[in-house]
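# Remarks on the overall topology
Here is what each chain is made of, one letter per residue.
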Amino acid sequence: MSIPKTYDPKSIEDKWYRYWTDNGMFRADSRSGKEPFTIMMPPPNVTGALHMGHALQGAVQDTIIRIKRMQGYEALWLPGTDHAGIATQNVVEKSLKKEHKLNRHDLGREKFVEKVWEWKHKYGDIITGQYRKLGTSCDWSRERFTMDEGLSEAVQETFIRLHGQGLIYKGNYLVNWCPTDMTAISDEEVDHVERKGHLWYVNYPLSEATAKKTGQPFITIATTRPETIPADTAVCVNPEDERYADFVGGEVEIPTTGRRVPIIADEYIKPEFGTGALKVTPAHDQNDFDIGTRHNLQVINIISKDGSMNESAGAYAGLDRFDARAKIAGDLDEMGLLVKVEDYVNQVGVSGRSGTVIEPLLSDQWFVNMKPLAQKALEAGRNGEFTFYPQRWESEFNRWMENIRDWVISRQLWWGHRIPVWYYTRADGSVDETKDYVVSIDRPEEGMVQDPDVLDTWFSSWLWPFSTLGWPDEKAEDYKTFYPTSVLVSGYDILFFWISRMIMGGLHLTGRSPFRDVFMTGIVRDKQGRKMSKSLNNGIDPLELIDQYGADAVRYSLIVLCAQGQDIKLDPRRFEMGRNFANKLWNAFRLLHMHMDEKESYSTELNTDTGNLTDRWMISRIHQTIAAVEDDLSRYRLNEALMKIYGLLWDDFCDWYLELIKPEYGETMDRETVDRAVNIYEILVRLLHPFMPFITEEIWHSLRSREVSEALIRADWPVNTGGDPFGEDGRLFTTIQRMISSIRNIRAEMNVPDSQEVAVVIKARDQATAKALSENRVIFEKLVKIGSLGISTTADRPKGSASAVVDGSQVFVPLSGIIDVEKERERIAAEVRRLNGFLKSVNAKLGNEKFMANAPEEVVEREHKKRSDTEINLEKLKTILAEL
RNA sequence: GGGUCGUUAGCUCAGUUGGUUAGAGCGCUACGUUGACAUCGUAGAGGUCGGCGGUUCGAAUCCGCCACGACCCACCA
């Protein structure tokens with residue numbers, strides 16, 4: 001069977017994914033008794049399609065869970081989706097309109113919710129299907145949905161508990177109202193954007209008495225929202241403001257309505273802003289509401305839930321709030337009350353979802369009192385019950401906890417968890433507000449009606465780490481085994497929406513932090529650093545990338561780019577890196593494969609009993625790399641770990657090891673060499689598997705035939721035994737590498753044709769080196785085109801040679817006739833200059849008394865070694881230079 | 001107004017608790033293709049680590065200020 005020269009991911013990825021799932025290899029066993037390791041997948045919206053953020057976090061989570069699985073943990077990665085209240089309701093409403101020209105009210109609540117469920121069943125698993133393309137080893141048998149039975153129970157239970165504890169309350173307050181989605185939203189769902197607007201200066205006529213007292217006909221206020229004038233119930237100034245001292249206690253007439261309201265004083269007012277006088281509109285501004293509360297002001301609401309002016313707005317009733325703004329401004333102008341209009345840029349709150357300008361609106365809503373929950377979270381954070389990676393997010397988290405505000409959890413939507421609250425009704429069916437409501441999952445009494453509102457989507461998400469495991473049943477097998485979870489992987493963009501709330505919810509409801517570590521990834525951005533979004537149409541579709549480069553390549557590149565929470569500016573070309581690496585890996589396999597006998601059975605364990613320097617060096621490199629990789633992984637430096645594995649495979653294994661064991665063209669590799677190379681390669685493949693699962697599993701099974709129980713996904717992760725058995729040999733090999741590079745360099749610099757052999761003479765620094773080099777002369781012969789190689793401690797520099805000094809030994813390449821003496825002189829001189837500079841800096845340190853006194857001994861020792869090594873090399877180079 | 005992050009090679013970025021006269025990939029230059037791999041190999045060029053000051057024997061790394069860029073939070077009409 002011939003193996004293609006280039007690696008083709010398409011032909012194998014689906015095959016292995018099926019193999020893993022068919023054999024239940026992602027499934028976790030709650031009774032294995034092994035130490036558990038749990039990751040909860042942040043549930044994507046059912047409406048969603050896989051985007052680069054998912055791909056990045058999916059790659060990270062899968063890599064971690066695969067490592068832990070190979071390390072012998074009972075590894076559970078639990079997937080699922082979020083019902084995503086508003087988002088999903090909107091999508092279904094849109095399709096309803098498009099296909100049937102109906103809105104949700106035409107259907108009625110029950111029918112509509114049925115439709116959403118239908119939609120969910122039809123499209124809800126698209127995104128999880130897309131996740132699979134990436135190779136994610138989630139336990140699909142445990143997949144959950146935020147509105148499935150168990151999670152709904154958890155949501156209701158939580159509401160009932162918190163209500164019982166007095167932490168959930170109902171109240172009539174100003175909330176952020178979205179006129180498009182016709183629901184309240186939380187503060188976190190409001191974005192503040194800069195908008196160009198105007199500041200209108202308006203004269204409010206004073207009452208006769210006030211006019212007389214002050215000697216003025218008007219008081220001038222400045223406002224950005226003239227349409228709310230009909231809702232004004234006071235004018236307010238600063239009590240310290242002498243300009244208005246006489247005005248306080250007086251009365252003004254509200255323009256357009258003529259209603260009389262008091263002039264009051266409040267510290268809140270900043271005298272330097274505008275005119276120093278503020279119109280107070282308690283129904284439509286949070287600050288004004290607060291002032292109103294302090295001064296017992298009347299509250300007049302003139303805006304409806306759809307953003308239009310209501311009947312209390314008088315002549316403006318029925319107009320949209322922005323049309324009303326223009327109209328009122330015009331009217332004021334006509335009435336001669338408009339003093340001036342200035343351009344003004346201010347921050348406007350818009351709905352994060354619809355982009356509509358938020359209207360602060362007074363309404364009955366349910367809230368969670370967050371302060372007590374935040375208090376626990378702060379303490380737990382201080383006690384180290386959870387750790388952020390990178391750490392800086394902890395202070396961000398703390399700041400948020402310290403300034404937490406109550407959470408509006410009711411939404412005026414149909415799609416979501418119904419609030420488990422029931423009201424008594426009157427004979428006509430209307431809610432009887434004279435009687436208390438009852439909190440209950442089931443209808444407590446015939447004739448009672450349930451609160452029509454649903455809960456914020458995040459009210460189910462914040463329970464995700466434990467509701468998915470069976471909570472509130474604390475005896476549930478999965479809950480007992482897998483909770484608390486080990487690490488949460490998420491982007492920082494939902495730190496406040498989700499991560500903080502999970503910590504608070506987990507601590508309060510289960511008494512434990514829901515996860516030990518929080519690994520915050522950066523945000524994937526486009527080439528220019530902009531967030532990827534539909535509106536900018538700058539998104540890159542991960543599925544297209546997988547199609548183009550292969551899942552392993554996409555994973556590789558994402559993880560290498562994912563450095564410690566740094567945002568990722570994504571250039572599609574970056575994926576070539578991963579693709580090329582996969583191809584390299586593939587061809588290393590091809591090389592071994594062509595020398596493997598299909599019938600031969602190779603030993604199952606690496607035989608380290610070898611006198612061969614190349615083997616010993618390679619084994620040493622593997623030891624060093626595993627140790628370094630383990631250290632990186634313990635701190636979630638996946639990028640560093642992967643780069644090291646990349647270097648080990650490409651530079652050490654392919655460029656040196658394979659080049660050295662590769663036989664001459666047409667010859668075959670001997671059995672022992674193949675055996676050892678296969679074993680070494682298998683270690684590397686095991687190291688790489690969690691990062692690039694498909695190609696490694698394919699190679700793993702191509703190297704030998706394996707039982708299902710021997711699949712790579714369940715194989716052992718290479719262990720660092722703590723030592724580096726062949727460290728000394730490694731250093732000798734490195735010297736040889738340097739010598740070879742310098743010979744190659746001479747050849748290239750002196751334009752020696754590739755086909756031409758050169759003689760090489762090495763004058764070793766000492767007998768031991770000479771002996772060691774002689775024993776390994778085959779390495780030179782293999783890697784550079786050498787006619788003859790003389791090694792001794794006494795050799796003279798042949799006439800007309802180019803030279804190099806490596807670790808105290810001299811390498812001469814006689815090139816009579818070819819050598820350009822001038823060039824050679826300059827080459828050596830440049831090296832002398834370089835070493836002189838280096839030596840100077842070393843000497844500066846060693847000559848510095850304070851350095852000698854303060855620097856750690858090992859650092860001083862290292863400098864000494866540097867000096868003596870450099871001096872030896874330098875001296876030899878200078879001699880050569882003098883001779884030239 | 002408060003806070004966070006970034007500024008390192010032409011480009012995109014690594015650089016761990018201060019101790020290598022700073023690394024990778026791409027790009028570039030030269031040479032190389034019956035040979036595992038041109039999605040490749042060999043050799044090479046290219047950086048006063050944004051600026052200024054400080055701490056230190058020693059700073060890309062720690063501290064302060066400044067410049068530029070990005071983001072988060074905040075009730076100034």
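Residues numbered from 1 in each chain as written. Chains lettered and ligands numbered in written order. Predicted model: local features only at pLDDT ≥ 70, side-chain atom pairs only at ≥ 80, totals over all residues. Heavy atoms only, no water.

### Structural notes on a negative patch on the surface
Residues E149, E153, D473 and E474 make up a contiguous surface patch of negative charge. Here E149 is to be found in helix α7 (residues 149–164). Under the relative-accessibility criterion, E149 is labelled exposed at 73%. (Patch = residues over 30% accessible without salt bridge, like charges linked within 9 Å, V, L, I, M, F, W, Y side chains within 5 Å. Areas by Shrake-Rupley, 256 points an atom, 1.4 Å probe, with all protein chains shown as cover. Salt bridge = Lys/Arg side-chain N within 4 Å of Asp/Glu carboxyl O. Lys, Arg positive; Asp, Glu negative; His and termini not counted. Charge placed at Lys NZ, Arg CZ, Asp CG, Glu CD. Helix = DSSP H or I, 4+ residues; strand = E, 2+ residues; numbered from the N terminus. Buried < 20%, exposed > 50% of the residue type's maximum accessible area, 1.4 Å probe, protein only.)

### Considerations on the protein's contact with RNA strand B
Around RNA strand B, the surrounding shell holds 64 residues, and the nearest of these are Y344, R574, W650, R834 and F838. Looking at RNA strand B alone, sugar and phosphate atoms form 62% of those within 4 Å of the protein. One of the backbone N or O atoms of K270 is found 2.8 Å from a base nitrogen in RNA strand B. In terms of residues, the surface near RNA strand B owes the most to one element, helix α19 (residues 575–595), which gives ten residues. (Near = heavy atom within 4 Å. Polar contact = N/O pair within 3.5 Å; in protein donor to acceptor, adjacent residues only side chain to side chain.)

### A look at unusual backbone geometry
In terms of backbone geometry, most residues other than glycine have negative phi values and most peptide bonds are trans. Cis rather than trans, the peptide bond between Y389 and P390 has omega equal to -5°. Note the cis peptide between W471 and P472, where omega equals 15°. Secondary-structure assignment places P472 in the loop between α14 (464–467) and α15 (477–482). Positive phi outside glycine occurs at M182, with the angle close to 55°. Structurally, M182 is set in the loop between β5 (168–178) and β6 (183–185). The backbone phi angle of Y636 is positive, close to 60°, even though this residue is not glycine. Residue position: Y636 is located in the loop between α20 (613–634) and α21 (638–661).

### Here we look at the pattern of salt bridges
Counted under the stated rule, the structure contains 58 salt bridges. The partner of R676 in a salt bridge is D615, with the nearest N and O atoms 3.1 Å apart. Pair noted here: R676 is in helix α22 (residues 671–688) and D615 is in helix α20, with a separation of 61 residues, a long-range link. Take R676 and D615: they sit in the same class, and that class is buried. With a shortest N-O distance of 3.2 Å, D729 and R616 are connected by a salt bridge. A residue pair is termed long-range when its members are at least 10 positions apart, and D729 in helix α24 (residues 727–749) and R616 in helix α20 qualify at 113 residues. Look at R616 and you get partly exposed, because its relative accessible area is 22%. Here the salt bridges do not stand alone but share partners, grouping R225, E227, R321, R325 and E359 into one network.

### Some details on the nonpolar core
Core analysis: the largest hydrophobic core is formed by 137 residues, its most contacted members being F653, Y681, F691 and F780. With residues near it in sequence (within four places) discarded, F780 still touches I736, M739, I740, I743, I762, L773, I786 and L789. Core analysis: the next-biggest nonpolar cluster, separate from the first, contains 56 residues, L373, M401, F459 and F466 among them. (Core = buried A, V, L, I, M, F, W, Y, C linked by side-chain atoms within 4.5 Å. Contact = heavy atoms within 4.5 Å.)

### Regarding helix α10 (residues 321–334)
A rise of 1.5 Å per residue sets the reference length of α10, with its 14 residues, at 20 Å; its end C-alpha atoms lie 20 Å apart and thus fit the reference within 8%. Buried residues along α10 sit against β7 (190–205), β13 (338–351) and β14 (359–368). Measuring from the backbone nitrogen of F322 back to the side-chain oxygen at the start of α10 gives 2.9 Å, which picks out D320 as the cap. In the segment just after α10, G336 is the residue with positive phi, at about 75°. (Expected span 1.5 Å × (residues − 1).)

### Thoughts on α24
With 23 residues, α24 ought to run about 33 Å at 1.5 Å a step, and its terminal C-alpha atoms sit 33 Å apart, in line with that. Of the residues trailing α24, N751 is marked for its positive phi of about 55°.

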